[in-house]
Amino acid sequence: MWFNTYTFAVFLVVVFGSYWVLPPRGRQLFLLAASYVFYCWKTPVYGLLLVATTILDFSCGLWIGRAQRPAHRRLALLCSLTGNLGILFFFKYLDFVGENMAGLGRLLGFDTHWTPYDFLLPAGVSFYTFQSICYTLEIYRRQIQPCRNPVSFALYVAYFPQLVAGPIERADHLLPQLQKTQAFHWDNVTAGLGRILLGLFRKMVVADRLAILVDRVFAHVDDYSTLSVWIALLAFALQVYFDFAGYSDIAIGSARLFGVRITENFDRPLMARSVADFWDRWHLTLTSWLRENVFFTLGGSRRGRARTVFNIWVLFLLCGLWHGASWNFVLWGAYYAFFNSLYYLWRQWRPRPKGAARSREPPGLGGLAGIAATNLLVALAASLFRAKDLAATGRIWQALAGRHPGAAFATEWDVWVLAALMAVIFAVEYFQEYHALDDRFRRLGPRAQAVAWAVLVLALVFLSVSNQKPYVYFQF
């Protein structure tokens, strides 16, 4: 079930109303049932995978909690990791590995072939798998105690607001909230509805409208000018951001209706001044998960420069593969590993002053140049994200370099409209970052805020794209 549909709107109203009229003892089970309805709406069979993940990690969590000997604890954790990653590998990576192994065999002179299974990727499998693994890892590290209520744990794995595309929640943050009997507060309702409206605006008005031109340009990249392709590529980077941030807004708002606070997933990445700063602002829950469970586990930056660079490469190559099973995503991860390694080595040579924090002062020319360069590098990475394979990526890069049949400078009028819209987007985020635009809005009187929300609703009614485009991150 997609958030940007009338079906979800009806679903949310029904679940919200029913949840708060039920007695507290029945609410948790009802929310679990609603979460499974949400997940199984189009493909019910994949609900079995959700059940399998839940049973596996609930059992392994209890096993780790009871085990006294370190070897038994490690064995229980290994069972959890093997089961979860095995499911993920089977549905997401089996064809990719099989095709590449067959190709390697042919290079070595063997008559090897691979018949693809072409599994339909279960929605959100990468997200809920990582969230479920987080639970057993936290028990193993003795950060939390095992959950002994199967309904509570099943709801933690399947909680519908953030089930399909995150944010990826830590067990010690989400699970206690789901176990607690929440009290009804109108502040949660108004804050939740406001966040949902903002998310729908970001998705249906901004991201989906950018997608119209982006899709047209990249469907026939050779027919457009070099400048048009560059603008479309920058627009695609913004489309991915507002599409995913819009989903996160709706997830956060929907959870807030039930008194649950979900972790923020973005911190104005358009204002990042370096690629490293970008990853401190982008998809925060995935970045945090990988840092804690991969980078720090490998030793982080405590074992010298060479080992730190190696750990950075491992982290971002895994991040690339997490996003998709193709060489494009491997190169996407390598691209970010390269620039983050460069930034790390640069900071080793020119360290920050002690106690230096992210500046909230408006940037000078150097800071603006850093923001522009970072967005350019992120857009170039988005070409790997956008193209289906390496051949399509090559065609995009040829067009960006002007080595394609299209014109060099001629641009279509709607491309300039798109460029103006992008400039407005950057301006809004600039004022949010450096001039406290969000705080200024919160300080407005009730009437002024009501007018602002009415304008947002009208924009949704008259400017939204109504073709119900799926979320970009649903493919992960």
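Cut-offs and rules
Residues numbered from 1 in each chain as written. Predicted model: local features only at pLDDT ≥ 70, side-chain atom pairs only at ≥ 80, totals over all residues. Heavy atoms only, no water. Helix = DSSP H or I, 4+ residues; strand = E, 2+ residues; numbered from the N terminus. Rg over C-alpha atoms; globule rule 2.2 N^0.38 Å. Buried < 20%, exposed > 50% of the residue type's maximum accessible area, 1.4 Å probe, protein only. Contact = heavy atoms within 4.5 Å. Areas by Shrake-Rupley, 256 points an atom, 1.4 Å probe, with all protein chains shown as cover. Lys, Arg positive; Asp, Glu negative; His and termini not counted. Charge placed at Lys NZ, Arg CZ, Asp CG, Glu CD. Core = buried A, V, L, I, M, F, W, Y, C linked by side-chain atoms within 4.5 Å. Axes fitted to C-alpha atoms, helices over the stretch in contact; angles between N-to-C directions. Parallel < 35°, antiparallel > 145°, perpendicular 65-115°, else oblique. Left-handed = near helix turned anticlockwise from the far one by under 90°. Nonpolar A, V, L, I, M, F, W, Y, C, P; charged D, E, K, R; others polar. Patch = residues over 30% accessible without salt bridge, like charges linked within 9 Å, V, L, I, M, F, W, Y side chains within 5 Å. Salt bridge = Lys/Arg side-chain N within 4 Å of Asp/Glu carboxyl O. Disulfide = S-S within 2.5 Å. Polar contact = N/O pair within 3.5 Å; in protein donor to acceptor, adjacent residues only side chain to side chain. Arc of directions from axis to C-beta.

**Observations concerning the overall build of the protein chain**
Move 1: If you tally the helices and strands in the protein chain, you get 18 helices and zero strands.
Move 2: Relative to a compact globule of 476 residues, whose C-alpha radius of gyration would be 23 Å, the protein chain shows 23 Å and is just as compact.
Move 3: Taken over 476 residues, the protein chain has a buried fraction of 51%.
Move 4: Residue pairs in contact within the protein chain that sit at least 24 positions apart in sequence constitute 76% of those at least 6 positions apart.
Move 5: As presented, the protein chain carries roughly 23,100 Å² of accessible surface, and 66% of it is formed by carbon and sulfur atoms.
Move 6: Here the protein chain contributes 44 positive and 28 negative side-chain charges, whose respective centroids are spaced 9 Å apart.

**A look at unusual backbone geometry**
Move 1: In this model, H283 sits at a positive phi of 40°, which is unusual for a non-glycine residue.
Move 2: Take H283: it is sitting in the loop between α10 (275-279) and α11 (284-295).
Move 3: Judged by relative accessible area, which is 0%, H283 ranks as buried.

**Examining the environment of T53**
Move 1: Checked against the element boundaries, T53 lands in helix α3 (residues 47-66).
Move 2: Residue T53 is classed as buried on the basis of its relative accessible area, which comes to 1%.
Move 3: Distance from T53 to W346, taken between C-alpha atoms, is 42 Å for residues 293 residues apart in sequence.

**Regarding the nonpolar core**
Move 1: Core analysis: the biggest nonpolar cluster contains 135 residues, and Y156, Y159, F258 and Y336 have the highest contact counts within it.
Move 2: Among the elements that take part in this core, helix α9 (residues 226-257) stands out by supplying 19 residues, more than any other.
Move 3: Residues contacting Y159, with those up to four places away along its chain left out, are L31, S35, L174, L178, A255, F258, V260 and I262.

**Here's the deal with the packing of helix α8 (residues 186-219) against α9**
Move 1: Between α8 and α9, the least distance of the axes is 7 Å, while the angle of their chain directions is 160°. Between α8 and α9, the angle falls in the class roughly antiparallel. In the packing of α8 onto α9, the handedness of the crossing is left-handed.
Move 2: Of the residues that constitute the contact of α8 with α9, the class distribution is 25 nonpolar, eight polar and seven charged.

**So, a nonpolar patch on the surface**
Move 1: Together, F89, V97, M101, L104, L107, L108 and F110 make up an exposed nonpolar region whose accessible area comes to about 750 Å².
Move 2: Mapped onto the elements, L108 comes out in the loop between α4 (70-107) and α5 (125-140).

**Structural notes on the packing of helix α12 (residues 305-323) against helix α13 (residues 327-349)**
Move 1: Following both chains from N to C, one finds α12 and α13 inclined at 150°, their axes separated by 7 Å at the closest point. What the angle tells us is that α12 and α13 run roughly antiparallel. Handedness of the crossing formed by α12 with α13: right-handed.

**What to know about the state of the cysteines**
Move 1: For the structure on display, the rule yields zero disulfides.
Move 2: Cysteine C79 remains unbridged, with the sulfur of C60 as its closest cysteine sulfur at 5.4 Å.
Move 3: You can call C79 partly exposed: its relative accessible area is 30%.
Move 4: Unpaired in terms of disulfides, C147 finds its nearest cysteine sulfur in C134, a separation of 14 Å.

**Some words on the environment of S225**
Move 1: Relative to the elements of secondary structure, S225 occurs in the loop between α8 and α9.
Move 2: For S225, a relative accessible area of 2% puts it in the buried group.
Move 3: Between the alpha carbons of S225 and E412 there is a distance of 8.7 Å; along the sequence they are 187 residues apart.
Move 4: Looking at S225, its side chain comes within polar contact range of the side chain of S228, at 2.8 Å.

**Here's the deal with the pattern of salt bridges**
Move 1: Considering all chains together, one arrives at 16 salt bridges under this definition.
Move 2: Between D172 and R170 there is a salt bridge, with the nearest N and O atoms lying 3.1 Å from each other.
Move 3: Using a relative accessible area of 33% as the deciding quantity, one classes D172 as partly exposed.
Move 4: With its nearest N and O atoms 3.1 Å apart, the salt bridge here joins D215 to R386. Pair noted here: D215 is in helix α8 and R386 is in helix α14 (residues 365-386), with a separation of 171 residues, a long-range link.
Move 5: On the basis of relative accessible area, R386 is assigned to the partly exposed category, the value being 24%.

**Describing helix α7 (residues 171-179)**
Move 1: Those residues of α7 that fall on the buried side of the exposure criterion are A171, L174, L175, Q177 and L178. Buried positions in α7, seen along its axis, are confined to an arc of 165° and lie on one side of it.

**A few points about the side chain of D249**
Move 1: On the secondary structure map, D249 appears in helix α9.
Move 2: A polar side-chain atom of D249 sits 2.8 Å from a polar atom in the side chain of R202.
Move 3: Ignoring sequence-local partners within four residues, the contact set of D249 consists of R195, I196, L198, G199 and R202.

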